[in-house]
Amino acid sequence: MTLAEWHSTLFQCIGIVLSFLALVASIIAVILTYKNLSEMKKQLNEQQKQYFEQNRGNLIFYVQKSITGITHDLIIKNFGNSPAKLLSLKITPRFGLEESWSI
């Protein structure tokens, strides 16, 4: 083997080793990028949940004695930061309205 052939073989081996190291580095970069994107997605979902909790409507239902003192008023107020819809209302314990309406 001549000196030129030996140098050529040495450079080819060095090239193969460097190519392999570049491949390993690329695979590591892809894995770390995927983990970073997964973490960013989790943080975005958490921020969306927090935004929803901070900006949603907060309906409160309570009974208040009227100004005249004869009846009671049922009050529904929105104490939230955005509009709210009342989709259903369940009262526990029941006020006994059935007895007052019976004939």
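Residues numbered from 1 in each chain as written. Predicted model: local features only at pLDDT ≥ 70, side-chain atom pairs only at ≥ 80, totals over all residues. Heavy atoms only, no water.

J.: Just to check I follow, could you spell out the overall build of the protein chain for this structure?
T.: From N to C terminus, the protein chain includes two helices and two strands. Secondary structure elements of the protein chain, listed N to C terminal, follow the sequence α-β-β-α. Radius of gyration (C-alpha) of the protein chain: 36 Å, far over the 13 Å computed for a compact globule of 103 residues. For the C-alpha atoms alone, the extent of the protein chain along its principal axes is close to 115 × 30 × 15 Å. (Helix = DSSP H or I, 4+ residues; strand = E, 2+ residues; numbered from the N terminus. Rg over C-alpha atoms; globule rule 2.2 N^0.38 Å.)

J.: Could you clarify how one ought to interpret the pairing of strand β1 (residues 59-65) in this entry?
T.: Each regular strand shows side chains that alternate between the opposite faces of the sheet. Pairing of β1 with strand β2 (residues 72-78) involves seven bridges; the strand directions are antiparallel. In the strand pairing of β2, Lys65 is matched with His72. Counting the residues in the hairpin turn of β1 and β2 gives six residues, including Gly69, whose phi is positive at 85°. (Pairing = 2+ DSSP bridges.)

J.: How do you make sense of the side chain of Ser66 when you look at a structure like this?
T.: Tracing the chain through its elements places Ser66 in the loop between β1 and β2. At a separation of 3.2 Å, a polar atom in the side chain of Ser66 contacts the side chain of Thr68. Separated by 2.9 Å, the side chain of Ser66 and the backbone oxygen of Thr71 make a polar contact. In contact with Ser66, not counting residues within four places along its chain, are Thr71, His72 and Asp73. (Polar contact = N/O pair within 3.5 Å; in protein donor to acceptor, adjacent residues only side chain to side chain. Contact = heavy atoms within 4.5 Å.)

J.: What am I meant to see in the environment of Val63 here?
T.: Topologically, Val63 is positioned in strand β1. Along the backbone, Val63 and Leu44 are 19 residues apart, and their C-alpha atoms lie at a distance of 40 Å.

J.: How should I be thinking about the environment of Ile28 in this particular structure?
T.: Note that Ile28 resides in helix α1 (residues 3-55). Once the C-alpha coordinates of Ile28 and Phe79 are considered, the two residues, 51 residues apart in sequence, prove to be 50 Å apart.

J.: I'm lost on the environment of Ala22 in this one. Help?
T.: Mapping Ala22 onto the fold places it in helix α1. With eleven residues separating them along the chain, Ala22 and Thr33 place their C-alpha atoms 16 Å apart.

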